[in-house]
Amino acid sequence: MDFVGSHILSVDQFDRGDVELVFRVADRMEPFAARQKITRVLEGAILSNMFFEPSTRTRVSFGSAFNLLGGEVRETTDIKVSAISKGESLYDSARVLSGYSDVIAMRHPEAGSVAEFARASRVPVINGGDGPNEHPSQALLDLYTIRKEMAARGATIDGLRIALVGDLKFGRAVHSLCKLLGRFNGIHFNLVSPPELTAPDDIVDALKSARHSVNELFRLEDGIRDVDILYVTRTQEERFPSQEEADRYRGLFHVNQHIYTEFCEPNTVIMHPLPRDSRTIANELDHDLDQNPNLAIFRQTDNGVLVRMALFAMVLDVVDQVERSARDVNWYTAKRDPGRT
Ligand code: CP
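Residues numbered from 1 in each chain as written. Predicted model: local features only at pLDDT ≥ 70, side-chain atom pairs only at ≥ 80, totals over all residues. Heavy atoms only, no water.

J.: For empty space enclosed by the protein, give the residues involved together with the corresponding values.
T.: Taken as a whole, this structure holds one cavity of 30 Å³ or more when the rule is applied. Approximately 110 Å³ is the volume found for the largest cavity. Considering the residues around the largest cavity, the lining is formed by 15 residues, among which T233, T235, Y249, G251 and E284 are closest to the centre. Of the residues assigned to the lining of the largest cavity, the class counts are six nonpolar, four polar and five charged. (1 Å grid on protein atoms, 1.4 Å probe; cavity = no way out; pocket = protein on both sides within 12 Å on 5 of 7 lines; lining within 4 Å. Points joined across faces, edges and corners; volume = space filled by probe spheres on them. Nonpolar A, V, L, I, M, F, W, Y, C, P; charged D, E, K, R; others polar.)

J.: Pulling in residues and values, what's your account of the site of the ligand?
T.: Near the ligand the following residues occur: P54, S55, T56, R57, T58, R107, H135, Q138, P273 and L274. T56 is positioned such that a nitrogen or oxygen atom in its backbone is 2.7 Å from an oxygen atom of the ligand. In the environment of the ligand, a nitrogen atom lies 3.0 Å from a nitrogen or oxygen atom belonging to the side chain of Q138. For the ligand, the accessible surface in isolation is 260 Å², of which the surrounding protein chains cover 91%. (Near = heavy atom within 4 Å. Polar contact = N/O pair within 3.5 Å; in protein donor to acceptor, adjacent residues only side chain to side chain. Areas by Shrake-Rupley, 256 points an atom, 1.4 Å probe, with all protein chains shown as cover.)

J.: Now, about the side chain of H108: what can you tell me, with residues and values included?
T.: Topologically, H108 is positioned in strand β4 (residues 103-108). Look past the residues within four positions of H108 in its chain and what remains in contact with it is F52, E53, I79, L90, S113, V114, G129, D130, G131 and R172. (Helix = DSSP H or I, 4+ residues; strand = E, 2+ residues; numbered from the N terminus. Contact = heavy atoms within 4.5 Å.)

J.: I'd like a description of unusual backbone geometry, backed by residues and values.
T.: The omega angle of the peptide bond from L274 to P275 is 5°, so this bond is cis rather than trans. Position of P275 among the secondary structure elements: in the loop between β10 (269-271) and α12 (297-315). Here the phi dihedral of R211 falls at roughly 70°; this positive angle occurs in a residue that is not glycine. Its location among the elements puts R211 in the loop between α8 (201-209) and β8 (213-217). Positive phi, normally seen in glycine, also occurs at D317, with a value near 60°. Take D317: it is sitting in the loop between α12 and α13 (319-322).

Below, the structure written as structure tokens:
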């Protein structure tokens, strides 16, 4: 695809070459994210961050990524403080906000809403999560992390064995990641969920049609053996009709160090899109794994900045100018201090 000026709404837009291009650009962002170099290549540009659902990682890392490229960020973080709460349409909001911005990152609770907004926008829109539908930048950062973790083990994405565990019905990060992995060769999927929360049929059918191996399983211990990646997810309580219904599924799959040691291969990488639900009733990924070197969850979040920088640089067509305008950082930064990080 041609990234310049494009909306990023779904991983369906990307072929394998597009994904690999994003990853190559993300690699080039490392000196800037690590505070070794500064670039001001987006000086004067404005990102509007429109987050109509709670977010920590996606919102802040989109903002940090844009700031690291030299741009400014304007935020709307609650539908109640937006004129949408007064009945303004997505069309009007998009027309207005795109007049104030060079690019917009948006999260909204309704599937398809970000695409609807993008159709009226005069600037590129990046989907930060639309209901249970998609989370394309999360899938890119997840796959970028998988690529790095596998490379450190002398392997590639092709032939990957992955277990995806939890609420696979409503988990948009899982939906986007499955689709993206489907672009590669010979992936072995173990989809582990309660029977009521299986992955959507269209996603499973597409993976099978592309000749990937797909097992749908209902017991944790059946699904997490013999995998390279164990990708755990939270019950998406905000998608359920009631709290009581969500509570039925919380805590069904609990991964801790004991379970990891008993069932997983010693080198299995543990991932989670985060937030993990650390309340006792859920605790799908226990804090007793925090010192496990194969826990990659915070490498994922760090990688999110690199991938989002890459997307901004590609969409706004400054990739080749980023290094040209680079200079050294002149302040103390703990990120470059091995004793602190
Ligand atoms: N992974 C993710 O989307 O996290 P946030 O909800 O904190 O943005």
